[in-house]
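Chain residues, written in single-letter form:
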Amino acid sequence: MSPAGREEVRVDVEGRTLTLSNLEKVLYPRTGTTKGEVLHYYAQIAPVLLPHLAHRAVTRIRWPHGVAEASFYEKNAPAGTPSWVHTVRVPTTGSRGASRHGDHLVFPIVDDLATLTWLANLAALELHVHQWQVGRNGQPRNADRLVIDLDPGDDAGLQQCCEVALLVRAKLAERDLDVRPVTSGSKGLHLYATLPRRLPSPASTALAKEVADELAGEHPRLVTASMTKTRRVGRVFLDWSQNAASKTTVTPYSLRGREKPYVATPRTWQEIEDGADDAVGIDQLRLEEVLERVGDEGDLYLCEPSGGPCATEE
């Protein structure tokens, strides 16, 4: 490693002093994207990213040597976590990640730019959260949203995911739930619906499975609700299990540890309709594209699901 690669820089982030290191290290070899560019992305995207992380325990996937090398999941706040980082203790049932804390996991809460920067400096490229928030008493609450992960099997792709997303939207509309689409930055799509009242995770999971089973029965050549991988060939798997209390989904605006710096990106329904048209199509978006979109249009997740205007701050 070159001397420049070992260089450390002390920065002030909203009153917190952080030491950033290895800014020239390439984390995405395919595009030459450096750790410094990853930190810049997270600093620029923070105003729209942080609201999606607010009050949620964060699981990280870290690539300390870049996406071409090994990664690891991290749930507990690591040794050396700054004292000012907010954390939450979550009961667990035997997870290997709980070993340092007995029958609990101790997750960080990413509620400010300093914490986000600290994690990005640890090469925590992916930020995953549960479908529940932490209450004022520091305890997990019931789920406040439903998520369905559209995962294309072999011989299926994003175009088929868009087709299925339109079907899911109609099913959830029958249940008076509005849906917001997010291209996952990996292979598929995530669909989010805010629940009118908080539900225990078994109930929200059952609701998602009900929708998945209905669509699998009505469109068996396009949709499967089965976790068996051999059943997914040429189909889109509606992963309803992401609503379990212990499961997490990559948050909107998080980077992904793919060969290129793709981002989980909120989309408009017009884009999904276009994506379902094989002649038009839709692609996963990279960090520079997402920054440009947000600069021009704000957080598209806040757009009215019907396709109306986006919410804006005064």
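The name that an unreviewed UniProt entry assigns to the protein chain is Non-homologous end-joining DNA ligase, with the source organism given as Nocardioides acrostichi.

Draft legend 1. Expanded view of the environment of Arg60. Tracing the backbone shows Arg60 in strand 5 (residues 58-62). C-alpha of Arg60 to C-alpha of Trp118: the two residues are 58 residues apart in sequence and 12 Å apart in space. With residues up to four places along the chain from it excluded, the contact list for Arg60 reads Phe72, Tyr73, Glu74, Lys75, Asn76, Ala77, Pro78, Pro108, Leu119, Ala124, Glu126 and Leu127.

Draft legend 2. Seen up close, the packing of aromatic side chains. What the rule picks out here adds up to two aromatic pairs. Considering the side-chain rings of Tyr41 and Tyr42, the 5.3 Å spacing of their centres and the 65° angle between planes classify their relative orientation as edge-to-face. Assessed through its relative accessible area of 0%, Tyr41 is described here as buried. A ring pair is formed by Tyr192 and Tyr301, whose centres lie 5.9 Å apart and whose planes are at 65°; its orientation type is edge-to-face. Of this pair, Tyr192 sits in strand 13 (residues 189-199) while Tyr301 sits in the segment after helix 7 (287-297), and the two are 109 residues apart along the sequence. Looking at Arg169, its charged tip hangs above the ring of Trp269, at a distance of 4.4 Å from the centre. Residue placement shows Lys209 over the ring face of Trp240; its charged tip is 5.5 Å from the ring centre.

Draft legend 3. Spotlight on the layout of surface pockets. The space that makes up the largest pocket amounts to roughly 670 Å³. Lining the largest pocket we find 30 residues, and of these Tyr73, His128, Asp149, Gln242 and Arg256 sit closest to its centre. At the level of secondary structure, the elements contributing two or more residues to the lining of the largest pocket comprise strand 5, strand 9 (124-129), strand 11 (140-152), strand 13, strand 15 (236-239) and strand 16 (249-250). No other element matches strand 11, which puts four residues into the lining of the largest pocket. Looking at the lining of the largest pocket, its residues break down into eight nonpolar, eleven polar and eleven charged.

Draft legend 4. The sheet that holds strand 9, seen in detail. If you walk across this open sheet you meet the four strands as 6-5-9-16, and the pairing is antiparallel. This sheet does not close on itself; its edge strands, each paired only once, are strand 6 (72-74) and strand 16. Summarising the sheet, strand 9 and strand 16 pair through two bridges and their orientation is antiparallel. Within the sheet, the bridge partner assigned to His128 lies in strand 16 and is Val250.

Draft legend 5. Helix 3 (residues 113-121), seen in detail. Burial runs high along helix 3: nine of the nine residues are buried. Along its buried surface, helix 3 packs onto strand 1 (8-13), strand 2 (16-21), helix 2 (35-53), strand 5 and strand 9. Downstream of helix 3 by a residue or two, Ala123 has a phi angle that is positive, lying close to 60°.

Rules and cut-offs
- Residues numbered from 1 in each chain as written.
- Predicted model: local features only at pLDDT ≥ 70, side-chain atom pairs only at ≥ 80, totals over all residues.
- Heavy atoms only, no water.
- Helix = DSSP H or I, 4+ residues; strand = E, 2+ residues; numbered from the N terminus.
- Contact = heavy atoms within 4.5 Å.
- Phe/Tyr/Trp six-rings, centres within 6.5 Å; stacked < 30°, edge-to-face > 60°.
- Buried < 20%, exposed > 50% of the residue type's maximum accessible area, 1.4 Å probe, protein only.
- Lys NZ or Arg CZ within 6 Å of the ring centre and 35° of its normal.
- 1 Å grid on protein atoms, 1.4 Å probe; cavity = no way out; pocket = protein on both sides within 12 Å on 5 of 7 lines; lining within 4 Å.
- Points joined across faces, edges and corners; volume = space filled by probe spheres on them.
- Nonpolar A, V, L, I, M, F, W, Y, C, P; charged D, E, K, R; others polar.
- Pairing = 2+ DSSP bridges.

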